[in-house]
Amino acid sequence: MPIEIKLNNAERIRRAKLANPAITEQEMVSTLGVTAGQVKAALAYKNPGQKPGRKRA
């Protein structure tokens, strides 16, 4: 009996981008049923070299 693993939206977005790097944000919004803000936030999180928080002037 297989065990179902549920992923949150951010992880689904990141995995979709890894599987198909040519996919656009609009395509992810329509296929995954998420908002554009969720896509931007998910792709901004865990990017190497990007630090969380505000940037100094």
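Residues numbered from 1 in each chain as written. Predicted model: local features only at pLDDT ≥ 70, side-chain atom pairs only at ≥ 80, totals over all residues. Heavy atoms only, no water.

A. Geometry of a nonpolar patch on the surface. Together, I3, I5 and L7 line one region of the surface with nonpolar side chains, adding up to about 350 Å² of accessible area. Secondary-structure assignment places I3 in the segment before α1 (9-19). (Patch = residues over 30% accessible without salt bridge, like charges linked within 9 Å, V, L, I, M, F, W, Y side chains within 5 Å. Areas by Shrake-Rupley, 256 points an atom, 1.4 Å probe, with all protein chains shown as cover. Salt bridge = Lys/Arg side-chain N within 4 Å of Asp/Glu carboxyl O. Helix = DSSP H or I, 4+ residues; strand = E, 2+ residues; numbered from the N terminus.)

B. Looking closely at the pattern of salt bridges. Across all of its chains, the model carries 2 salt bridges by this definition. Among the ionic pairs, E11 bridges to R14, the shortest N-O distance being 3.2 Å. Of the two residues, E11 and R14 both sit in helix α1, 3 residues apart, roughly one turn of that helix. A salt bridge links R15 to E11, with the shortest nitrogen-to-oxygen separation between them at 3.1 Å. With R15 and E11 both in helix α1 and 4 residues apart, the pair spans about one turn of that helix.

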